[in-house]
Amino acid sequence: MSQVGGIVRRKEDPSLIQGRGVYVDDMKLNGELTVAFVRSPFARARITSIDTSEALAIPGVRAVYTIDDVRSLGPLLAQIPIGKLRPLLADGVVNHVGEAVAMVVAEDRYQAEDAAEAVVVEYDQLPASVDLKFSATDEVKIHDDLESNVLHTWLSHDWWPGVFELEDYRPAIAAAKERDDVVIVSQEMVNQRLIPTAIEPRAVLADWSHGYDRVTLYTSSQIPHAVAGAVAKTFGMPVNAVHVIAPEVGGGFGCKLNVYPDEILVCFASHQLEAPVRWTETRREAAYSTIHGRGWIGTATITGTRDGEILGYELDALADMGAYSQNFTVAIPVLGLYVASGQYNIPLAWSVKCVATNTQTTDAYRGAGRPEAAYYLERAIDMFAAEIGMHPGDVRKKNFFKKEEFPATVPIGLTMDSGDYATNLDKLLIDSDYAGLKAMQAQARSEGRYVGVGLSTYVEVCGFGPSILAEFGFGWDGYGLPSSFSGSGLVRINPDGSATVFIGTGPSGQGHETTWAQIVSGRLGIAMEMIRVAHGDTTDSPNGIGTFGSRSAAVDGAATYEAAEKVRSKAADLVAHMLEASAEDVRFADGGAHIVGTPGHKVTWAEIAEVAYKPHKGPEGVEAGLEAHSVFSPGNATWPFGSHIAVVEVDVETGNVDILRYLAMDDCGNVINPMIVDGQLHGGIAQGIGQALFEEAVYDESGNLLSVSLVDYPLPTASDLPMFELDRTVTPTDVNPLGVKGIGEAGTIGSAQTIVNAVVDALAPLGVKHIDMPLRPKKVWQAIQDAQEA
């Protein structure tokens, strides 16, 4: 039996660790065909001709499609259609290396790949704009039909005109800079482009049923309902004619929070050829066909007094959007704006320009704007603390929102639900023995070793309520599904007393089958093994938004909680009838129900279900069956927070960074399953460390992506990481009945700057003040040389 808050082993793990989980590529349909794409070798070029004759002559090849075949379907739909939308196949021009130019469909993959190589495409190469700063100048315009490569500018004082009337802090900050008693620190920093690398690359399989004019699409997606909407809208069908199934997804990290051209194109080919059609991307191909993340260059500036009061924080940045806009592309930086001022009650002036380049599209990648924002802010605060010679924790605490100030309104007009930042940081400083760490550092330095202690804090935003945000784009209207980011859950008691829970999320490893079962078990007293959680099927599941943004537990979990409450209420009436008692005295536990004070006077869930499905045995007038559906629309977002510390040692001869310890004190409100929360943090912190030390998508000047394999794009391994030392404070939210906030991205948001702060702290005696990520040995070594020569 489980209660919310208890450690329960993940229900979904046995099939996965035994290799018996079912992914899209495991599914085989009779007579299916296979797709391969012809991709551009140029970052920008005009297509002068496409000759498919040789490819079509290859045995087994069934079709070769170009834009002329699919132009009538329009471009790929996007939820935030700002900028140039991606054509399903290149339409006269290509705008990044790897852009799909033609689609070959054949009877097997070998034939398809051979035929793709046989398609002859003639190009007239054009000047490309790959560098972000250069692209912002418009010296080379990427799209002739757009006014500028700068697609949009997000300003902190004017991010949602007509809804918020916000103070423009720029004059006040400018005035503060004129004071004689202030210190100003300013640093340009790169938050490099990353390539999401899920264990399983994406795969799609479409089966169009002409007899019923319906299509079934199997796809590795975090948002199956949105994909169904996009397919339906593209082909002019009702959404109930599109059945999307997302089986095991194999990791997503946001890159599967998107609708891709291949999902549309395999449906098209299946319709045309009257056969199932599949496509599975290879690891190398994924770097071209799946979105990237991050990619910012910005200057962060803090103006403050020598006693640590921050009088203004400014960020002036460029964000790389890539060549085309897809789902949320241009909206990603605004998620950073939400948390731009972090845990601090400080004046904010933020400007981020969204700039198109001749590179792969960027979009949501774990954290989506929030890691970038936290990085700039927390690096700048550390620089400020170093400049004024103050304890970095004291600077932070001096500027925190105080516990009694919650709910607290941030400079961009949003209200944070709850927080106790000082307690959280103090607990981390005590647990880590921060003073002891600094003493150890001093001892190490006396021995000629370069040890650093890095500290940072963060605040996240999850859940994305209230529903009015749908008018800002937080919904699936762009895919023909008017909606807000509400959650949904359906709880059904089956006739044998087991329970099936249908949820609208699209989990990709988060443990929803366990967590949701705990919620229902906790409310109804049904054993965990008697509860099955179903998801990822748009026919079975209630309309859902999907899994992303650390939203699922706070929104869909809350909906499931409320659905369980409805079931509990009706079941209490049934039990009261069965045991001749009052419904108010019914208690649910241990696989059934009893009357308070008389635990031996009880019935099982199988007995309750029998009465529910045989209405003649129940109270007169009660509808047969026992299930309930709830939609939860949060009145606000939730705002998790935390503090992290890293201890590193740098080998100044090689530049190698060794992480000695990593400690995190996170606060995600109430915890449903501590083991799953810790697991989320482990993955998130590892991902942040990956950005800090290893990962980087590298383009050359011509727009060739040089990091398409895992040889060129190193990921952190277990041998690179210490045992994480995790603890938490608990500050519940009142936004949802569970009091939970979300934890899926917290580790990523909090970790990268913690590592960089630690490395810079280690090298401070050598004069190093900043190194851009990733802190690979050569770059660290060079920074040491540069600092010593300065």
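Residues numbered from 1 in each chain as written. Predicted model: local features only at pLDDT ≥ 70, side-chain atom pairs only at ≥ 80, totals over all residues. Heavy atoms only, no water.

Colleague: Just checking my understanding: could you explain empty space enclosed by the protein for this structure?
Modeller: Summary: where empty space remains is shown by rolling a probe the size of a single water molecule over the atoms. Under the defined criterion, the tally for this structure stands at 8 cavities of 30 Å³ or more. Arg39, Arg86, Ala100, Pro261 and Asp262 are, among the 16 residues lining the largest cavity, the residues nearest its centre. If one sorts the elements of the lining of the largest cavity by residue count, helix α8 (residues 261-273) sits on top with 3 residues. Its residues assigned to classes, the lining of the largest cavity comprises 9 nonpolar, 3 polar and 4 charged. Along its surface, the second largest cavity is lined by Ile195, Pro196, Thr197, Arg283, Ala286, Ala287, Ser707, Val708, Ser709, Leu710 and Tyr713. Per-class residue counts for the lining of the second largest cavity are 7 nonpolar, 3 polar and 1 charged. (1 Å grid on protein atoms, 1.4 Å probe; cavity = no way out; pocket = protein on both sides within 12 Å on 5 of 7 lines; lining within 4 Å. Points joined across faces, edges and corners; volume = space filled by probe spheres on them. Helix = DSSP H or I, 4+ residues; strand = E, 2+ residues; numbered from the N terminus. Nonpolar A, V, L, I, M, F, W, Y, C, P; charged D, E, K, R; others polar.)

Colleague: Looking at this structure, I do not really get the packing of aromatic side chains. What am I missing?
Modeller: Each aromatic ring pair is summarised here by two numbers: the centre-to-centre distance and the angle between the ring planes. Overall, the coordinates contain 31 aromatic pairs when judged by the stated rule. Each ring, one from Phe42 and one from Tyr123, has its centre 5.2 Å from the other, and the planes form 75°; the classification is edge-to-face. Highlighted residues: Phe42 in the loop between β1 (33-39) and β2 (45-51) and Tyr123 in strand β6 (residues 120-125), separated in sequence by 81 residues. With a centroid separation of 5.8 Å and 70° between ring planes, the pair formed by Tyr662 and Phe724 is classed as edge-to-face. With Tyr662 in strand β27 (residues 657-667) and Phe724 in strand β28 (residues 724-728), this pair connects stretches of sequence that are 62 residues apart. One exposure class covers both Tyr662 and Phe724, and it is buried. The positively charged end of Arg551 is found above the aromatic ring belonging to Phe548, 5.7 Å away from the centroid. (Phe/Tyr/Trp six-rings, centres within 6.5 Å; stacked < 30°, edge-to-face > 60°. Buried < 20%, exposed > 50% of the residue type's maximum accessible area, 1.4 Å probe, protein only. Lys NZ or Arg CZ within 6 Å of the ring centre and 35° of its normal.)

Colleague: Please explain the sheet that holds strand β22 (residues 586-589) as it appears in this structure.
Modeller: Working definition: the strands of a sheet are paired by backbone hydrogen bonds and lie parallel or antiparallel to each other. Pairing in this open sheet of 3 strands is antiparallel, and the strands run β22-β23-β24 from one edge to the other. One side of each edge strand has no neighbouring strand; the edge strands of this open sheet are β22 and β24 (598-604). Strand-to-strand twist in this sheet, taken as the mean axis angle between neighbours without regard to direction, amounts to 35°. In this sheet, β24 lies alongside strand β23 (residues 592-595) in antiparallel orientation, the contact comprising 4 bridges. Bridging across to β24, Ile595 finds its partner in Thr598. Contacts from helix α16 (residues 552-579) reach β22, β23 and β24 within the one sheet, and its direction differs from that of β22 by about 115°. (Pairing = 2+ DSSP bridges. Axes fitted to C-alpha atoms, helices over the stretch in contact; angles between N-to-C directions. Contact = heavy atoms within 4.5 Å.)

Colleague: Any chance you could explain the pattern of salt bridges here in plain terms?
Modeller: What the rule picks out here adds up to 36 salt bridges. Of the charged contacts in the structure, one is a salt bridge between Glu285 and Arg39, with a shortest N-O distance of 3.0 Å. With Glu285 in helix α9 (residues 283-289) and Arg39 in strand β1, this pair connects stretches of sequence that are 246 residues apart. What makes Glu285 buried here is its relative accessible area of 12%. Linking Asp168 and Arg170 is a salt bridge whose minimum nitrogen-to-oxygen distance equals 2.8 Å. Among the charged side chains, a network of salt bridges with common partners joins Asp25, Glu32 and Arg278. (Salt bridge = Lys/Arg side-chain N within 4 Å of Asp/Glu carboxyl O.)

Colleague: Even after reading the chapter, I still don't get the sheet that holds strand β15 (residues 348-356), so can you show me in this structure?
Modeller: Reading across the sheet, the 5 strands line up as β7-β15-β14-β13-β8 and stay open at both edges, with mixed pairing between neighbours. Each having just a single partner strand, β7 (150-155) and β8 (182-194) make up the two edges of the open sheet. Adjacent strand axes in the sheet meet at a mean angle of 10° when their direction is disregarded. Along the sheet face, helix α6 (residues 170-177) touches β8, β13 (293-305), β14 (310-322) and β15 and points at about 125° away from the line of β14.

Colleague: Honestly, the packing of helix α7 (residues 224-235) against α8 in this entry has me stumped. Any pointers?
Modeller: For any two helices packed against each other, the geometry is given by the interaxial angle and the distance between the axes. Across the interface, α7 lies against α8 with an axial gap of 10 Å and an inter-helix angle of 50°. One way to sum up the angle between α7 and α8 is to call them oblique. In the crossing of α7 with α8, the sense of the turn from one axis to the other is right-handed. Contacts between α7 and α8 involve Val227, Ala230, Val231, Thr234 and Phe235 from the former and Glu263, Ile264, Cys267 and Phe268 from the latter. Partitioning the contact of α7 with α8 into residue classes produces 7 nonpolar, 1 polar and 1 charged. (Parallel < 35°, antiparallel > 145°, perpendicular 65-115°, else oblique. Left-handed = near helix turned anticlockwise from the far one by under 90°.)

Colleague: Looking at this structure, how should I read the environment of Val130?
Modeller: Note on placement: Val130 falls in the loop between β6 and α5 (132-136). For the pair formed by Val130 and Ala45, sequence separation is 85 residues and the distance between their alpha carbons is 13 Å. Sequence-distant contacts of Val130, defined by excluding residues within four places in its chain, comprise Thr357, Asn358, Thr359, Tyr699, Asp700, Glu701, Ser702 and Gly703.

Colleague: Hey, could you run me through the side chain of Glu745 in this one?
Modeller: Here Glu745 shows up in the loop between β28 and α19 (746-763). Classification of Glu745 as buried rests on a relative accessible area of 6%. In terms of polar contacts, Glu745 uses its side chain to reach the backbone amide nitrogen of Gly367, at 2.9 Å. Excluding its chain neighbours within four sequence positions, the residues that come into contact with Glu745 are Arg366, Gly367, Arg370, Glu460, Gly549 and Ser550. (Polar contact = N/O pair within 3.5 Å; in protein donor to acceptor, adjacent residues only side chain to side chain.)

Colleague: Would you take a moment to explain the packing of helix α15 (residues 512-524) against α16 for this structure?
Modeller: At a closest axis distance of 9 Å, the pairing of α15 and α16 adopts a crossing angle of 35°. Judged by the twist between their axes, the crossing of α15 over α16 is right-handed. Along its contact with α15, which presents His512, Trp516, Ile519, Val520, Arg523 and Leu524, the element α16 presents Ser552, Ala553, Asp556, Gly557, Thr560, Tyr561, Ala564, Glu565, Val567 and Arg568. Partitioning the contact of α15 with α16 into residue classes produces 8 nonpolar, 4 polar and 4 charged.

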